[in-house]
Amino acid sequence: MTLVRISDDALALACGADAVAAAFVAASCTVERVSSWGMHWLEPLAEIDGIGFGPLFPEDVAAVLAGTSDKRIGAIADHPFIKRQQRLTFARAGKTRPLSLDDYADTGGWSALKRVKSMASPEIVAEVAHSGLRGRGGAGFPAGIKWRTVLEAQGPRKYVVCNADEGDSGTFADRMLMEGDPFQLLEGMAIAAQAVGAQQGYIYVRSEYPHAISKLNAAIELAREHIAPFRIEVRVGAGAYVCGEETALLNSIEGKRGEVRAKPPLPAHEGLFGCPTVVHNVLTLAAIPHIMVPGGASRYDSLGIDRSKGTMPIQLAGNIRHGGLFETAFGITLNELIHDIGGGTASGRPVKGVQVGGPLGAYIHPSQFDLPFDYEAYAGADALIGHGGVVVFDDRANMGALARFAFQFCAAESCGKCTPCRIGSTRGVELIDRIWAGGRDADAVEALAQMHNARKDRRSRDEDLQLLEDLCETMQFGSLCALGGFTPYPVRSALKHWPEDFT
Amino acid sequence: MTRAARIVEICVSHRGREGPLLLILHDVQCEFGCVDAEAERVIAHELNLSRAEVHGVVSFYHDFSAEPDPRPCIELCRAEACQARGVEELVASAEAAAGERVRLKTVYCLGLCSVGPAARIGDRLHARLNTAALVKLVQSA
Ligand SMILES: Cc1cc2nc3c(=O)[nH]c(=O)nc-3n(C[C@H](O)[C@H](O)[C@H](O)COP(=O)(O)O)c2cc1C
Ligand code: SF4
Ligand code: FES
């Protein structure tokens, strides 16, 4: 009987994987549902004896089985998209059944957790620090320092919280990991708990990810004994982007409005319910089992460049021919990512620009595509790696409209706590409309005699552009968190490189 | 059982869990299609919170609504990556097909950003949408 492996990842399902699987079953094949390889343009992808076929429709199945299919891509493991990667966090992608404890244990699962059980807390923290691992949620803060702070903090109890709110457009690595290799995340959380002395963990997942939520719940049930006495519970978000910000997330778990808290106190000192809390992104925690095997920390530290250590699961999205998950050591350039690996745009038209790092990340012009993927190099270019999403736009994109969208998104998702973000975002939308309209006359209220300070004559386009610059500066330096504080990045970069789109 | 009694039952089922309010609101929204003023009053009473506190939470999150909307709902992603893949060109036809019968809701990212435009109906996801495919989804919703 032929064994066919097809992913049950949400993206494969959205592309029709269930119907393809059913067609193989109807043709008397045994179908195994595995995680996704991350070659999204090929989904639904079927694997038979290591050979891949995709993207498949149910009507392709007969030809695949007869050996006459033109959807044959050869050995999946030898595909250039896979071969060029350095997969650590996604080492199991495409290869194991997500909820199989046997598959997990057979591929090295739980060995790191077993090892740390006999280690003293400071030893574990020292190894994480030595690996050079930095937070993958956006800010890139060193994980070892965070763990040490929580370890040394005093509190009635401590928590480990996994941030799985993944709200950035262009990102899906957290989702793929939770759906494809959930035990690895649980193992990473259990190790963090062991290191800092936490008893309870929470995974805060956005409500847009129903498949990840059910996989995690099932995985927690199956892994209960492995992670005991540590306990983990899934909490579901409620459609607020700002709840990805760690303090808003903590408020949300507590059952409050997802408003950002002022720091200090840091969550490491006073986090969930006022107790010391480790908050990490999914990818940060999922890297831990690889770091905590013997020699793992040194190996991690040897990958990457400068202070960006280890691997980054980069997500190629938007208008790109070969979109998907590309995990590699830091240092790769956008030219390589978009042209060599991604095959250019899906539409076949020239690339106009890319947004790296989600809705708060800068738009990057093709002239900067040799920038190495590295936290400091991006910061130096007024850009952001963020969660590693790369969204490609072709020459039909209007960068002024995208700048306007950045303000609009900020207005829709602002938590409302501080004025530059709450009000400034709406003013930004209006300003860009005015710039497009070529300036404006005083409005009815401004024209009133009592409005002594209001300007009475016409504003020019240049004056409105200056106002936009002032607004960006106010938001950048006057906002409490990065939602208001970083919205100027996409706006300013769009204005700098594509001023013609603001006329 | 009255609605209020059922909401009390939901509150009781989450007793003992830390910070249960969002769990309760999700259950109520799922069962009744909304969290209205009466539900807020019952929940506030059960959790020993003020009604203002509960209302503040309900109104903060996009997932909770004050009134039920019986129409079928299609959530269409209109975030950057789906814009790059042309979602905006589909919107007018989808809106026309939806009319008043179907609720076309804008969401920002479904995690399908490499195969957009993407939409969600309940827990079913749809990718690689073009105008014809989206209009068909709307019509059969
Ligand atoms: C508006 C906003 C949204 C954020 N969204 C996320 C998110 O979806 N996922 C995430 O891991 N971090 C997000 N962050 C970053 C978190 O605040 C925090 O830095 C991170 O969870 C820490 O984990 P790490 O050390 O593993 O990066 C967001 C920050 C801001 C300001
Ligand atoms: S910048 Fe915006 S989201 Fe952040 S705290 Fe201020 S109002 Fe809230
Ligand atoms: S941007 Fe549409 S699915 Fe992510």
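All values reported here derive from a predicted model rather than from experimental measurement.

Undergrad: How should the interface of chain B and chain A be read in this particular structure?
TA: It is common to give the size of an interface as the accessible area that goes away when the parts come together. With 36 residues of chain B at the interface, the matching set in chain A holds 64 residues. Carbon and sulfur atoms supply 55% of the area buried between chain B and chain A, which totals about 3700 Å² over both sides. Linking chain B with chain A are two salt bridges. Of the charged contacts, one joins Arg 157 of chain A and Glu 18 of chain B as a salt bridge, the two residues approaching to 3.7 Å between their closest N and O atoms. Across the chain B-chain A interface, the total number found is 28 residue pairs in polar contact (both at pLDDT 80 or more). Looking at the side of chain B that touches chain A, the elements with two or more residues in it are helix 2 (21-32), helix 4 (51-60), helix 5 (80-84) and strand 4 (124-126) of chain B. Broken down by class, the residue content of the side of chain B that touches chain A amounts to 18 nonpolar, nine polar and nine charged.

Undergrad: Honestly, the site of ligand 1 in this entry has me stumped. Any pointers?
TA: All names here are of chain A. The full set close to ligand 1 counts 18 residues, and Gly 137, Asn 163, Glu 246, Asn 281 and Thr 284 are the nearest of them. Measuring from an oxygen atom of ligand 1, one finds a side-chain N or O atom of Lys 146 at 3.0 Å. In the environment of ligand 1, an oxygen atom lies 3.5 Å from a nitrogen or oxygen atom belonging to the backbone of Gly 167. When ligand 1 sits alone it has 610 Å² of accessible area, and the protein chains cover 92% of it. When contributions to the shell around ligand 1 are tallied by element, the ones reaching two or more residues are strand 9 (277-281) and helix 21 (482-486). For the shell around ligand 1, the element with the most residues is strand 9, which contributes three residues. Counted by class, the shell around ligand 1 contains four nonpolar, eight polar and six charged residues.

Undergrad: Where do I start with the packing of aromatic side chains in this structure?
TA: Pairs of aromatic rings are described using the distance from one ring centre to the other and the angle between the two planes. For the structure shown, the criterion picks out 17 aromatic pairs over all chains. Both rings, one in Trp 110 of chain A and one in Phe 183 of chain A, keep their centres 6.1 Å apart while their planes meet at 50°; by these two values the pair is tilted. One end of the pair, Trp 110 of chain A, is in the loop between helix 5 (101-106) and helix 6 (111-117); the other, Phe 183 of chain A, is in helix 10 (residues 182-196), with 73 residues separating them in the sequence. Trp 110 of chain A sits in the buried class, given a relative accessible area of 3%. Aromatic ring contacts, followed pair by pair, group Tyr 241, Phe 405 and Phe 409 of chain A together with Tyr 108 of chain B into a single cluster. Sitting over the ring of Tyr 209 of chain A, Arg 206 of chain A keeps its end group 4.9 Å from the ring centre. The ring of Phe 32 of chain B carries the charged tip of Arg 3 of chain B above its face, separated from the ring centre by 4.9 Å.

Undergrad: Please clarify how the pairing of strand 12 (residues 311-318) of chain A should be interpreted in this entry.
TA: Each regular strand shows side chains that alternate between the opposite faces of the sheet. All names here are of chain A. Of all the eight residues making up strand 12, eight are buried; the element is thus mostly covered by neighbouring parts of the structure. Summarising the sheet, strand 12 and strand 13 (residues 324-329) pair through six bridges and their orientation is antiparallel. Bridging across to strand 13, Leu 316 finds its partner in Gly 324. Remark: five residues form the turn of the hairpin made by strand 12 and strand 13, two consecutive strands paired antiparallel. Taken together, the four bridges between strand 12 and strand 16 (residues 389-394) define a ladder with parallel strand orientation. Its bridge partner being in strand 16, Leu 316 is matched across the sheet by Val 390.

Undergrad: Just checking my understanding: could you explain the site of ligand 2 for this structure?
TA: Looking at ligand 2, there are 13 residues lining it, with Cys 415, Lys 417, Cys 418, Cys 421 and Cys 481 of chain A nearest. In terms of residue class, the shell around ligand 2 is made up of eight nonpolar, four polar and one charged.

Undergrad: I'm lost on the sheet that holds strand 8 (residues 231-236) of chain A in this one. Help?
TA: The strands that make up a sheet pair up through hydrogen bonds in the backbone, lying either parallel or antiparallel. All names here are of chain A. Spatially, 8-7-6-9 is the arrangement adopted by the four strands of the open sheet, whose pairing is parallel. Pairing within the sheet leaves two strands with one partner each, and these edge strands are strand 8 and strand 9. Sheet twist, expressed as the average angle between the axes of neighbouring strands with direction ignored, equals 20°. Note: strand 6 (residues 159-164) against strand 9, five bridges, orientation parallel. Within the sheet, the bridge partner assigned to Asn 163 lies in strand 9 and is Asn 281.

Undergrad: For this particular structure, what's the right way to read the pairing of strand 6 of chain A?
TA: Residues and elements named next belong to chain A. Most of strand 6 sits inside the fold, with six of its six residues counted as buried. Burial along strand 6 is two-sided: the face carrying Tyr 159, Val 161 and Asn 163 and the face carrying Val 160, Cys 162 and Ala 164 are both buried. Here strand 6 runs beside strand 7 (residues 200-205); their pairing, made up of six bridges, is parallel. Within strand 7, the position partnered with Asn 163 by the bridge is Tyr 204.

Undergrad: Hey, could you run me through the environment of Asn 251 of chain A in this one?
TA: Residues and elements named next belong to chain A. Take Asn 251: it is sitting in helix 12 (residues 246-253). Using a relative accessible area of 9% as the deciding quantity, one classes Asn 251 as buried. Excluding anything up to four places from it in sequence, Asn 251 contacts Lys 256, Arg 257, Glu 259 and Arg 261.

Parameters and conventions
Sequence positions are assigned chain by chain, starting from 1 and proceeding in written order. Following the order in which they are written, the chains are lettered starting with A and the ligands numbered starting with 1. With the structure being a predicted model, the display of local features is reserved for residues of pLDDT at least 70 and the display and counting of side-chain atom pairs for 80 or more, all residues being used for whole-chain, interface and lining totals. Excluded from the side-chain calculations are hydrogens and water; all other atoms, namely the structure's heavy atoms, are used. Every residue pair with non-hydrogen atoms within 4.5 Å of one another is taken to be in contact. Accessible area, probed at 1.4 Å, shrinks when two parts are joined; the buried area is that loss added up over both. By definition, a salt bridge exists where a carboxyl oxygen of Asp or Glu is found within 4 Å of a side-chain nitrogen of Lys or Arg. Under this definition, polar contacts are N or O atom pairs within 3.5 Å; protein pairs additionally need one hydrogen-donor-capable and one acceptor-capable atom, and for neighbouring residues in sequence, both atoms have to be side-chain atoms. Strands are runs of DSSP state E lasting at least 2 residues, helices are runs of H or I lasting at least 4, and numbering of each runs from the N terminus. Amino acids outside the nonpolar list (Ala, Val, Leu, Ile, Met, Phe, Trp, Tyr, Cys, Pro) and the charged list (Asp, Glu, Lys, Arg) are all regarded as polar, and Gly is one of them. One heavy atom within 4 Å of a molecule or strand makes the whole residue count as near it. Exposure was quantified through the Shrake-Rupley algorithm and a 1.4 Å probe, taking into account, for residues, occlusion by the shown protein chains and nothing else. In this analysis, rings of Phe, Tyr and Trp, with Trp reduced to its six-membered ring, are considered paired at centre separations within 6.5 Å, and the interplanar angle assigns stacked below 30 degrees, edge-to-face beyond 60, and tilted for intermediate values. The cut-offs for exposure are 20% and 50% of the maximum accessible area for each residue type, with area from a 1.4 Å probe on protein chains only; residues under the lower value are buried, those over the upper are exposed, and the others partly exposed. Lysine and arginine charges are scored as sitting over a ring when NZ or CZ, respectively, is within 6 Å of the ring centre and within 35 degrees of the ring normal. Whether two strands pair depends on DSSP finding at least two bridges between them. Note on geometry: axes are C-alpha line fits, over the in-contact stretch for helices, and angles between N-to-C directions span 0 to 180 degrees.

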